[in-house]
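As a plain string of letters, each chain reads:
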Amino acid sequence: MHLNPYGEGAVHLAADLVNHRPQSAEELADRCRTAGLVVEGPVGAADLARVLALLDAWESVVDAAGERERAERLNRMLAADADHPRLTDHAGGWHLHYRDDDRSFAAVLSTLIAVGTAFHLVGRGMHRLGRCAVAECATVFADTTRTGRRRYCTQRCANRDAVRRHRAAGR
Ligand SMILES: [Zn+2]
Ligand SMILES: [Zn+2]
């Protein structure tokens, strides 16, 4: 996966992994491949453990109380997981990497998610990470809609909430 200027692939992958945490290293590798990541080298138990810790940190970015807290938490992730940018054409076509080439899979994924999330927030808006407004759902999402006013994880939850509000109004 190459980071597009808005980090869209990276934030959707992070949300998916937070909502359904991978249970094994194989599952983690498979789901990253499905999301378009080139998985080079082995993915082992140490990678899984590090990625689960990364997902906790990312979830705390989603749940930050305001923009400043969100920025501070993401800045901590960037400090831990990103290096200076450098140009590379290893896959044919110049693009930026924010890390050295010889990193573990977990380190590569951490960099992708931290930098991708930074692009997403500064490109589209600092408020564009959230949880479904249906309280018992609380699924995490990255808002890449045109309007930036997404409130629900799915149309199903939006409908559920609409029915509930309608009933409450009728009482
Ligand atoms: Zn690359
Ligand atoms: Zn929901």
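Participant: What's the story with the coordination of the zinc ion (ligand 2) in this structure? I'm lost.
Facilitator: By definition of the ideal shapes, four donors in a tetrahedron about a metal sit 109.5 degrees apart, and six donors in an octahedron sit 90 or 180 degrees apart. The protein atoms that coordinate the zinc ion (ligand 2) are Cys132 (SG), Cys137 (SG), Cys153 (SG) and Cys157 (SG), at distances spanning 2.2 to 2.4 Å. The coordination sphere of the zinc ion (ligand 2) comprises 4 donor atoms, whose angles at the metal cover 105 to 116°; the geometry is tetrahedral. Read from N- to C-terminus, the donor residues coordinating the zinc ion (ligand 2) fall into the pattern C-x4-C-x15-C-x3-C. Of the two residues examined, Cys153 and Cys157, each falls in the buried class.

Participant: Whenever I open this one, the environment of Val51 confuses me. Can you help?
Facilitator: Here Val51 lies in helix H3 (residues 45-62). Taking the C-alpha atoms as reference points, Val51 and Ala107, 56 residues apart in sequence, are found 8.4 Å from one another. Those residues in contact with Val51 that sit more than four places away from it in its chain are Leu28, Ala106 and Leu109.

Participant: Looking at this structure, how should I read the coordination of the zinc ion (ligand 1)?
Facilitator: Surrounding the zinc ion (ligand 1) are the protein donor atoms His90 (NE2), His95 (NE2) and His97 (NE2), which sit 2.1 to 2.2 Å from the metal. Mapped onto the sequence, the donors of the zinc ion (ligand 1) take the spacing H-x4-H-x1-H.

Participant: Looking at this structure, how should I read the environment of Ala64?
Facilitator: Relative to the helices and strands, Ala64 resides in the loop between H3 and helix H4 (67-81). Residue classification places Ala64 among the buried residues on the basis of a relative accessible area of 12%. Each C-alpha atom of the pair Ala64 and Asp161 lies 24 Å from the other, and the pair is 97 residues apart in sequence. Setting aside anything within four residues of it in sequence, one finds Ala64 in contact with Glu69, Arg70 and Arg73.

Participant: Can you walk me through a nonpolar patch on the surface in this structure?
Facilitator: Taken together, the side chains of Leu87, Trp94 and Leu96 present a nonpolar region at the surface, about 380 Å² in accessible area. By secondary structure assignment, the location of Leu87 is in strand E1 (residues 86-88).

Participant: Can you walk me through the pattern of salt bridges in this structure?
Facilitator: In a structure, side chains of opposite charge can pair up when their charged atoms sit close to one another. In this structure the tally under the stated criterion is 17 salt bridges. With a closest N to O distance of 2.8 Å, Arg21 and Asp56 form a salt bridge. On the criterion of sequence distance, the pair formed by Arg21 in the loop between helix H1 (8-19) and helix H2 (25-34) and Asp56 in helix H3 is long-range, its members being 35 residues apart. Between Glu27 and Arg31 there is a salt bridge whose closest N-O contact spans 2.8 Å. You can see Glu27 and its partner Arg31 sitting in helix H2, 4 residues apart, about one turn around the helix. What makes Glu27 partly exposed here is its relative accessible area of 25%. Residue Arg31 is classed as buried on the basis of its relative accessible area, which comes to 17%. A single salt-bridge network, built from bridges that share partners, covers Arg21, Asp56, Glu59, Asp63 and Arg131.

Rules used throughout
- Residues numbered from 1 in each chain as written.
- Chains lettered and ligands numbered in written order.
- Predicted model: local features only at pLDDT ≥ 70, side-chain atom pairs only at ≥ 80, totals over all residues.
- Heavy atoms only, no water.
- Donors = N, O, S within 2.8 Å, 3.2 Å for Na, K, Ca; no water.
- Tetrahedral: all angles 85-135°; square planar, octahedral: opposite > 155°, others 65-115°.
- Buried < 20%, exposed > 50% of the residue type's maximum accessible area, 1.4 Å probe, protein only.
- Helix = DSSP H or I, 4+ residues; strand = E, 2+ residues; numbered from the N terminus.
- Contact = heavy atoms within 4.5 Å.
- Patch = residues over 30% accessible without salt bridge, like charges linked within 9 Å, V, L, I, M, F, W, Y side chains within 5 Å.
- Areas by Shrake-Rupley, 256 points an atom, 1.4 Å probe, with all protein chains shown as cover.
- Salt bridge = Lys/Arg side-chain N within 4 Å of Asp/Glu carboxyl O.

Just distances and angles here, no functional claims.
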